[in-house]
Amino acid sequence: MSLAAGRPAQQGWLLVLLALCSQWAALAQTNEFITLTGTLLISNVEYPNEVHVRSVFLKTADASVYRVELADPDLVERQELFSGQEANVTGLLDSSRASAGHPPSIHVESAAGGAIVPLVTRERVPPRVDVVHDPTVRIDGLETNLGLPVSQHQPLMTKFKMLFIPIMAVDANGNTCPGTQPITYTKQDIENVMWGAADHTLVGAYNECSNGHTSLDAANSRVTDFVVLPCNGVTSFGPWDISGCADQDGRGWEQLSDNYVTTNFGIRLEDYDQITYLAPPPSAQCSWLAVADYGCMAQPNNPYICRIWAHGEGWSAVAMYFHELGHHFYLSHAGQVNQAGALVEYLDTSCTMGFCCALRCYNAPHTWQMGWLPLLELDEARLTPGTTFSFELTRQAGGKGVRVTPSWVPGAVPFFLSYRDTLGYDKDLAGTPYGANTNIYQSAIATPTGGGATQWLGAIGDTMPALTEGTTGLTFRHLGRAGAAVKVSICRYGGPETLSSCCYGRDNDCNGLGGQSDPACAPFMGSCASFKYNWDLGTTYANPVKPSRVFSSSLNATTPSPNTPPTARAS
């Protein structure tokens, strides 16, 4: 009789003890507070229901991988973290899923002492600001020699190289993997979409939307032949499947594909700034459309190569690649309030950083963040109560925009304006509220690496001439068109009309009218003949003039002397 057979009760207790020991070991691992040093791998996982999650891994020097669970979802953007960044990660270790092949997790919660401390950071570089005289600018309807600040960032990259790896996956018998569809596109088809004969290409999107500031280097980029992978496997990131939807699935394709192209095609991965993996189309809708590394392309001399993982059903969508590449440059999503009054982070489809896959450029805040759009800057010192600035805007691609910083309201977020037509890479804006209109956004974006969401507030144009934002008292108004440009004004509310505002023809209440044309001025107009002006306007009040333009010399302005007529009139 064997020992085990002769002592069934003792065997039972041993089994219970072993089970308890196993649980205790797991519990001990779960509650271990550790600090590890390694490379952050941060990606945005895009979901069809218009939300996303941030996936964070830490890869240590010995190639061990840990999933980083963040209690604060805004930590990545607030600290301007990026893929490829060396950092110390402190948190609670959890190895409870290791038996299923998953990497251990580190739970980072600042309240419990958790933290991510970057060992390498990027300097926050403010935009270059030049004082420029724009002949289309009017202040209260008058031409002005006032020079206004125009800000523009230096693009983080002016040219980059892509390696595009299409994947074919088969089982041991050479059959299409379960959960996937047959591949219907060729290497040539992909090249046509990237930089070839297609009507609209990724190269063209960068050339037009950036106004030539950033380009995809087609001559030194490449689409490889198809790599052949198995249907599934396990890597240091955990189990993966070619039709899978978890973030470690894409990392699995990455490890095997990288090895395949270096071994079979002799490709040096380090010759490229970016790698895109295109898996076979799944049979059912995956939980994400695409996944992209975050912030990696914005870092000079970063040895880490940015990556995108996508499923084959979107292989021909230029907008999908343009969106995911935006995440490489710290771009976050483009939001808009829905009919129920809730902010949806993908709903602004004036921007490629909204949901897929209409063809269009980025919105004004993101285009400025990329260093592609100069912005005329207005602030409290210039836009005083009762003041109206007007100007002309041409199409965003190649033109300028406007930013208003409403510092007179604590905590108010800046406004961005740009005009979008329906030509070229903005062609899909035709028939939408965004096309052929001046679009108005709010965003706290301040630097190229300061990722943050943007919100579309509305658009002004022929059918919607004005938009008022009540918190700041700003009214944005469409004044008409001038050839390919639009005329736009911004007025800051100064209160009800007064004798002074009416006699000078100023639009104090921001209703778009001044002087005799404003019914609110009717009680005052009879007194204008005896009104004491700061300078002589002759016999007409058609040209509004501020009674005292108080601009400091730092704003490059001059203050007219009393009784001196203005040197320029409204056109």
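Owing to the predicted nature of the structure, the values given are computational and were not obtained by experimental measurement. (Residues numbered from 1 in each chain as written. Predicted model: local features only at pLDDT ≥ 70, side-chain atom pairs only at ≥ 80, totals over all residues. Heavy atoms only, no water.)

Undergrad: Would you take a moment to explain the overall build of the protein chain for this structure?
TA: Summing up its helical and strand segments, the protein chain has ten helices and 31 strands in all. Here the protein chain, with 571 residues, has 53% of them falling under the buried criterion. Across the protein chain, the fraction of contacts at a sequence separation of at least 24, relative to all contacts at a separation of at least 6, is 67%. About 24000 Å² of surface is accessible on the protein chain, with carbon and sulfur atoms providing 54% of the total. (Helix = DSSP H or I, 4+ residues; strand = E, 2+ residues; numbered from the N terminus. Buried < 20%, exposed > 50% of the residue type's maximum accessible area, 1.4 Å probe, protein only. Contact = heavy atoms within 4.5 Å. Areas by Shrake-Rupley, 256 points an atom, 1.4 Å probe, with all protein chains shown as cover.)

Undergrad: Looking at this structure, how should I read the environment of Leu146?
TA: Assignment of secondary structure puts Leu146 in the loop between strand E9 (142-143) and strand E10 (148-152). For Leu146, a relative accessible area of 5% corresponds to the buried category. The sequence separation of Leu146 and Val132 amounts to 14 residues, and the corresponding C-alpha distance is 8.4 Å.

Undergrad: Explanation requested: the pairing of strand E28 (residues 454-460) in the structure shown.
TA: On any regular strand, side chains alternate: one points to one face of the sheet, the next to the other face. Burial within E28 is extensive, with five of its seven residues counted as buried. Note: strand E21 (residues 334-337) against E28, three bridges, orientation parallel. Looking at the pairing, Gln336 lines up with Trp456 of E28. By the bridge criterion, six bridges tie strand E27 (residues 437-443) to E28 in an arrangement that is antiparallel. When the bridges of E28 are listed, Thr438 appears paired with Ile460. (Pairing = 2+ DSSP bridges.)

Undergrad: What am I meant to see in the environment of Arg360 here?
TA: Relative to the helices and strands, Arg360 is located in the loop between strand E22 (343-344) and helix H8 (364-369). Remark: the alpha-carbon pair of Arg360 and Asp426, spanning 66 residues in sequence, is separated by 4.3 Å. Of the polar contacts made by the side chain of Arg360, one reaches the backbone oxygen of Thr349; its length is 3.1 Å. (Polar contact = N/O pair within 3.5 Å; in protein donor to acceptor, adjacent residues only side chain to side chain.)

Undergrad: What is the right way to read helix H5 (residues 202-209) from this model?
TA: Since there are 3.6 residues in each turn of an α-helix, residues three or four apart along the chain are aligned in direction. H5 sits mainly inside the fold: six of its eight residues count as buried. Among the residues of H5, those classed as buried are Leu202, Val203, Gly204, Ala205, Tyr206 and Cys209. Phi turns positive, to about 55°, at Asn211, one or two residues after H5.

Undergrad: In this structure, what is going on with the pattern of salt bridges? I would like to understand it.
TA: One side chain can pair with another of opposite charge once the charged atoms of both are near each other. With the rule as written, the count across this model stands at 20 salt bridges. Taking the shortest distance from any N to any O, the salt bridge between Glu208 and Arg395 comes out at 3.2 Å. Here Arg395 lies in the loop between strand E24 (388-393) and strand E25 (401-404) and Glu208 lies in helix H5, a separation of 187 residues in the sequence. A residue is classified by how much of its surface remains accessible, and Arg395, at 23% relative accessible area, is partly exposed. (Salt bridge = Lys/Arg side-chain N within 4 Å of Asp/Glu carboxyl O.)

Undergrad: Even after reading the chapter, I still don't get the packing of aromatic side chains, so can you show me in this structure?
TA: By convention here, two paired aromatic rings are described through the distance between centres and the angle between planes. Using the criterion set out here, one finds 17 aromatic pairs in the structure. Through a chain of ring-to-ring contacts, three or more aromatic side chains come together here, namely Phe160, Tyr206, Phe322, Phe329, Tyr362 and Trp372. Above the plane of the ring of Tyr304 lies Arg307, whose end atom (NZ or CZ) is 5.6 Å from the centre. Sitting above the plane of the Trp408 ring, Arg492 keeps its charged end 3.9 Å from the centroid. (Phe/Tyr/Trp six-rings, centres within 6.5 Å; stacked < 30°, edge-to-face > 60°. Lys NZ or Arg CZ within 6 Å of the ring centre and 35° of its normal.)

Undergrad: Even after reading the chapter, I still don't get the state of the cysteines, so can you show me in this structure?
TA: Working definition: the covalent bond between the sulfur atoms of two cysteines is a disulfide. Inspection of every chain in the model, using the stated rule, returns seven disulfides. A disulfide bridge connects Cys209 with Cys361, and the sulfur atoms are separated by 1.9 Å. Its S-S torsion of about -75° marks the bond between Cys209 and Cys361 as left-handed, since a negative value means left-handed. With a gap of 152 residues between them, Cys209 in helix H5 and Cys361 in the loop between E22 and H8 connect regions that are remote in the sequence. Accessibility expressed as a relative area gives 4% for Cys209, which makes it buried. Here Cys491 engages in a disulfide with Cys510; their sulfurs sit 2.1 Å apart. Here the disulfide of Cys491 and Cys510 is left-handed, its torsion about the S-S bond being about -75°. Of this pair, Cys491 sits in strand E31 (residues 485-492) while Cys510 sits in the loop between helix H9 (499-503) and helix H10 (522-525), and the two are 19 residues apart along the sequence. Overall, Cys491 belongs to the buried group, its relative accessible area being 4%. Here Cys351 stays free of any disulfide, with the sulfur of Cys361 as its closest cysteine sulfur at 9.3 Å. (Disulfide = S-S within 2.5 Å.)

Undergrad: Sorry if this is basic, but what is going on with the nonpolar core here?
TA: One recurring pattern in soluble globular proteins: nonpolar side chains tend to sit buried together. Counting 47 residues, the largest nonpolar core has Leu202, Tyr206, Tyr321 and Tyr362 as its most contacted members. Listed by contribution, the elements that provide at least two residues to this core are strand E12 (162-169), helix H4 (187-195), H5, strand E19 (290-293), strand E20 (306-311) and helix H7 (318-328). What Tyr362 contacts, discounting residues up to four positions off in sequence, is Tyr206, Phe322, Gly326, Leu331, Cys351, Thr352, Met353, Thr367, Met370, Trp372, Gln396 and Arg420. With 25 residues, the next largest nonpolar core counts Leu148, Trp408, Ile460 and Val488 among its residues. (Core = buried A, V, L, I, M, F, W, Y, C linked by side-chain atoms within 4.5 Å.)

Undergrad: Please explain the sheet that holds E22 as it appears in this structure.
TA: The strands making up a sheet associate through hydrogen bonds between their backbones, and the pairing can be parallel or antiparallel. Taken in spatial order, the nine strands of this open sheet run E7-E10-E23-E25-E26-E27-E28-E21-E22, and their pairing is mixed. Strand pairing shows two members of the sheet lacking a second neighbour, strand E7 (128-132) and E22, which therefore form its edges. Two elements, E10 and strand E23 (residues 375-378), share two bridges in a ladder whose sense is antiparallel. Residue pairing for E23: Val150 is matched across the bridge by Leu376.

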